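Given next are the chains, with one letter for each unit.
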Amino acid sequence: MALSSTARLPAAKPAKRPGGLRRRLAPYGFLAPFFGLFAAFGLFPLLYTAWVSLHRVELQTSDRMDWLGFQNYTRLLSDPFFWNALRNTFTIGVLSTVPQLLMALGLAHLLNYKLRGRTFFRVAMLMPYATSVAAATLVFAQLFGRDYGLINWVLSSIGVNPVDWQADTWASQFGVSAIVTWRWTGYNALIYLAGMQSIPGELYESAAVDGASRWQQFRHVTIPGLRPTIVFTVVVSTIGATQLFGEPLLYEGNSGGGISHQYQTLGLYLYEQGWTFFHLGRAAAVAWVMFLLIVLLALLNAAIAARRNRTDR
Amino acid sequence: MTHVTQVLDQPAAADGGQARAKGRRARSPLHGGPLAYAVLIGATLLAVFPFYWTLVAASRSNSELSSATPALTPGPNLFHNIGEALQQAEIGKALLNSLIVASVVTAGVVLSSTLAGFAFAKLRFRGRGALLALTVGTMMIPPQLGVIPLFMVIVKLDLQNKLPSVILPSLVSAFGVFFMRQYLVQALPDELVEAGRMDGASLLRIFRSIVLPVARPGMAVLGMLTFMATWNDFFWPIVALSSQNPTVQVALKSLGQGYVPDQSVVMAGTLIGTLPVLVVFALLGRQIVGGIMQGAVKG
């Protein structure tokens, strides 16, 4: 393992003065605990996944690796369930990220007003963030129950037909997205709020002097000032959405993501390949595809952000 | 594993979370009208309702939950359901396990991050830029990418189903290092470190008696965020642990997966699993909010 080499490598240069050696090496001593464990349990697995993905490795005999070349990848690309999971990851990602960030932006704007009980609102809004994926999903799965769920009860009491929040494709994807949105909206609102508070007050004053309405101020002062923060949250949420796992796993409690895989995500597909079907090599290939997807999306985000910056100026 | 992924591009405030929230008040552009309050109260209700519902469902019987008109107030069965949950899914053991894992991980992350963060913030050495870039760069990489080899390592070390399998990979966090670096760059004046050096103190001595006291507020915030994230961690624990020796999250999974899960028992388990974090939140909510606004942890 690369354990000690990374941590000590840069220290190899000899010190010129006697006694200076200790001083020169000391900084590496401060880094050693972090980089030692980081190399062993962070970096090594990260890189080794690529190697594993080129082999047949089964869960029960994970010591044994048979070379396959790119077979895991070609098999993946010809598996309809992979494409299904990819599509679901995309639709659930959009369904959860877009409303979440828009609502967070609105809430942050309100939280930025002078308000009584500001701290209370902020803490209350962050509460969902404190729950685990498991707890949140179990509660929501109950609320979304087909026959006795509270949401269908409310719907039927206002005359809407009950929805099958688990078996129906769109409804189940909406249900999973609702859990994600519930957990992260308040968190993102606080991130936006932090960004808003770093916008100089004078900008608002001069906008007001120029006769800008509240909406115009929001549009022309707040949004441009928040751009780096918005790009940041979009990137982070995109990464989060790509990895979505716990919510679809526990929504009905199986790794298939619903009877007809209607809400199986890539994260869940990876888990199913590795720990339900025991194909660790294939799971590693899925992991790499997910990583490439994230890199692609990050580059896309960056390109869009750069483009918008240019057209604005 | 770094379950922590990202950081705001703003530097951490020098004065720690609490003082910060107050000082910014003057910048708020406008007073909120009744509409603002109405929307915020609505959002608060939406945020809090599932917690209330958990309590309601956990204190009712399963037959009450599967009736045409659901109960909207807490019932009398809370302790009975909690007892059932404790029996069905080793929840007692799971709570203890989670407490051990989260505490050890928090101590490890805070200590290793403060050490490394100090080195990155205030010491000059070869390879500093490259090592810091490496640390920050890996924060964006999904944990799934490393899970398979990590699992193979754990099997090889014969740690499967044992607590070290979830502790070891989490003991350090790239986010933590970055967070402490940002904090110390601002909070720790160079002169203070220099003064210590002039007095002939060793770096370790300087760290103990100068850096640690200054770093404490940042360490506290990092500690809270790490504890919460570790307590709530799901993906790696369900891979590494079994339902015989679970953390709370793993136990919740098995509770929800019986052949005919008793919903009120499932909710009772959920309530127990969530309660500790909610208590932390009730006591330290303001500081946690400050911490999130400074930097960010995502689980």
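Fair warning: this is a prediction, and the values are worked out from it, not measured in the lab. (Residues numbered from 1 in each chain as written. Chains lettered and ligands numbered in written order. Predicted model: local features only at pLDDT ≥ 70, side-chain atom pairs only at ≥ 80, totals over all residues. Heavy atoms only, no water.)

K.L.:
Got a minute to help me understand the overall build of chain B in this structure?
P.N.:
Helices and strands together make up the secondary structure of chain B, namely 14 helices and 0 strands. Along chain B, helices (α) and strands (β) appear in the sequence α-α-α-α-α-α-α-α-α-α-α-α-α-α when read from the amino end. Counting every position in chain B, which comprises 299 residues, the buried fraction comes to 58%. Sequence separation of at least 24 residues holds for 77% of the intrachain contacts in chain B that already meet a minimum separation of 6. (Helix = DSSP H or I, 4+ residues; strand = E, 2+ residues; numbered from the N terminus. Buried < 20%, exposed > 50% of the residue type's maximum accessible area, 1.4 Å probe, protein only. Contact = heavy atoms within 4.5 Å.)

K.L.:
Just to check I follow, could you spell out the overall build of chain A for this structure?
P.N.:
For chain A, the count of helices and strands is 13 helices and 2 strands. For chain A, the C-alpha atoms occupy an extent of roughly 65 × 60 × 40 Å along the three principal directions. Within chain A, the fraction of its 313 residues that count as buried is 56%. For chain A, the share of sequence-separated contacts (at least 6 apart) that also reach a separation of at least 24 residues comes to 65%. If you sum the accessible surface of chain A, you get close to 14200 Å²; carbon and sulfur atoms cover 64% of it. Each charge sign in chain A was given a centre, from 25 positive and 14 negative side chains, and these centres are 17 Å apart. (Areas by Shrake-Rupley, 256 points an atom, 1.4 Å probe, with all protein chains shown as cover. Lys, Arg positive; Asp, Glu negative; His and termini not counted. Charge placed at Lys NZ, Arg CZ, Asp CG, Glu CD.)

K.L.:
Can you help me understand unusual backbone geometry in this one?
P.N.:
Apart from glycine, the bulk of residues carry a negative phi angle, and the bulk of peptide bonds sit in the trans form. Phi is positive for His261(A), which is not a glycine, with a value near 55°. You can call His261(A) buried: its relative accessible area is 15%. Backbone geometry at Asp158(B) places phi at a positive 60°, although glycine is not the residue there. With respect to the element layout, Asp158(B) can be found in the loop between helix H7 (144-156) and helix H8 (164-167).

K.L.:
Is there a simple way to explain helix H6 (residues 133-143) of chain A in this structure?
P.N.:
What sets the pattern is the α-helix's 3.6 residues per turn: residues three or four places apart point alike. For H6(A), the buried fraction is high: 11 of the 11 residues fall into the buried class. Of all the residues in H6(A), the buried ones are Val133(A), Ala134(A), Ala135(A), Ala136(A), Thr137(A), Leu138(A), Val139(A), Phe140(A), Ala141(A), Gln142(A) and Leu143(A).

K.L.:
I tried to follow the nonpolar core on my own but got confused; where do I start?
P.N.:
For soluble globular proteins, the rule of thumb is that nonpolar side chains tend to be buried together. Core analysis: the biggest nonpolar cluster contains 184 residues, and Leu126(A), Leu270(A), Trp275(A), Phe118(B), Ile148(B), Trp236(B) and Ile292(B) have the highest contact counts within it. Ranked by the residues each element gives to this core, the list is headed by helix H8 (residues 169-197) of chain A, at 15 residues. Non-local contacts of Ile292(B), meaning those with residues more than four positions away in its chain, are made with Leu126(A), Tyr129(A), Tyr187(A), Leu190(A), Ile191(A) and Leu225(B). (Core = buried A, V, L, I, M, F, W, Y, C linked by side-chain atoms within 4.5 Å.)

K.L.:
What's the story with the interface of chain B and chain A in this structure? I'm lost.
P.N.:
Where interface size is quoted, it is often the accessible area lost as the parts come together. Counting residues at the interface gives 110 residues for chain B, matched by 99 residues for chain A. Three residues stand out in chain B for area buried against chain A, namely Leu40(B), Leu145(B) and Ile148(B), and they jointly supply 7% of the buried area on that side. Two residues, Lys156(B) and Asp63(A), come together in a salt bridge whose shortest N-O distance is 3.8 Å. Where chain B packs against chain A, one counts 10 residue pairs in polar contact (both at pLDDT 80 or more). For the side of chain B that touches chain A, the element with the most residues is helix H2 (residues 34-58) of chain B, which contributes 16 residues. (Buried area = accessible area lost by both parts, 1.4 Å probe. Salt bridge = Lys/Arg side-chain N within 4 Å of Asp/Glu carboxyl O. Polar contact = N/O pair within 3.5 Å; in protein donor to acceptor, adjacent residues only side chain to side chain.)

K.L.:
I keep staring at the packing of helix H2 (residues 20-52) of chain A against helix H11 (residues 203-232) of chain B and nothing clicks. Help me out?
P.N.:
To describe two helices that pack against each other, one gives the angle between their axes and the distance between the axes. The N-to-C vectors of H2(A) and H11(B) enclose an angle of 50°; their axes lie 10 Å apart at closest approach. One element, H2(A), and the other, H11(B), form an angle in the oblique class. Between H2(A) and H11(B), the contacting residues are Ala26(A), Pro27(A) and Phe30(A) on the first element and Leu203(B), Leu204(B) and Phe207(B) on the second. Of the residues in the contact of H2(A) with H11(B), the class split is 6 nonpolar, no polar and no charged. (Axes fitted to C-alpha atoms, helices over the stretch in contact; angles between N-to-C directions. Parallel < 35°, antiparallel > 145°, perpendicular 65-115°, else oblique. Nonpolar A, V, L, I, M, F, W, Y, C, P; charged D, E, K, R; others polar.)

K.L.:
Teacher, can you tell me more about the side chain of Ser96(A) here?
P.N.:
Residues and elements named next belong to chain A. As for its position among the elements, serine 96 is in helix H4 (residues 80-111). Within the structure, serine 96 has its side chain in polar contact with the backbone oxygen of glycine 93 (distance 3.3 Å). Each residue touching serine 96, except ones within four places of it in the same chain, is listed here: Ser177, Val180 and Thr181.

K.L.:
Even after reading the chapter, I still don't get the packing of aromatic side chains, so can you show me in this structure?
P.N.:
Between two aromatic rings, the relevant description is the distance of the centres plus the angle of the planes. Residue and element names in this part refer to chain A. All told, the structure shown has 36 aromatic pairs over all chains when counted by the stated rule. Between the aromatic rings of tyrosine 271 and tryptophan 275, the centroid separation amounts to 6.0 Å while the plane-to-plane angle is 25°, which identifies the pairing as stacked. A residue pair is termed a helical-turn pair when its members lie 3 or 4 positions apart in one helix, as tyrosine 271 and tryptophan 275 do in helix H12 (residues 266-276) at 4 residues. On the basis of relative accessible area, tyrosine 271 is assigned to the buried category, the value being 10%. (Phe/Tyr/Trp six-rings, centres within 6.5 Å; stacked < 30°, edge-to-face > 60°.)

K.L.:
So what exactly am I meant to see when it comes to the confidence of the model for chain B here?
P.N.:
Atomic detail in the predicted coordinates should be set aside for any region of low pLDDT. Residue and element names in this part refer to chain B. Put simply, chain B has an average pLDDT of 84, and 87% of its residues get 70 or more. For the stretch residues 1-28, pLDDT sits under 50, and the model shows 87 contacts to residues farther than four places along the chain or on other chains. Two numbers describe this predicted complex: its pTM, 0.87, and its ipTM, 0.86. (pLDDT = per-residue confidence, 0-100.)

K.L.:
I tried to follow the confidence of the model for chain A on my own but got confused; where do I start?
P.N.:
Residues and elements named next belong to chain A. Across chain A, the average pLDDT comes to 88, with 93% of residues at or above 70. H4 holds the highest mean pLDDT among the elements of chain A, 96, whereas helix H1 (residues 3-8) holds the lowest, 41. Of the regions scoring below 50 in pLDDT, residues 1-16 engages in 18 contacts with residues more than four places distant in sequence or in other chains.

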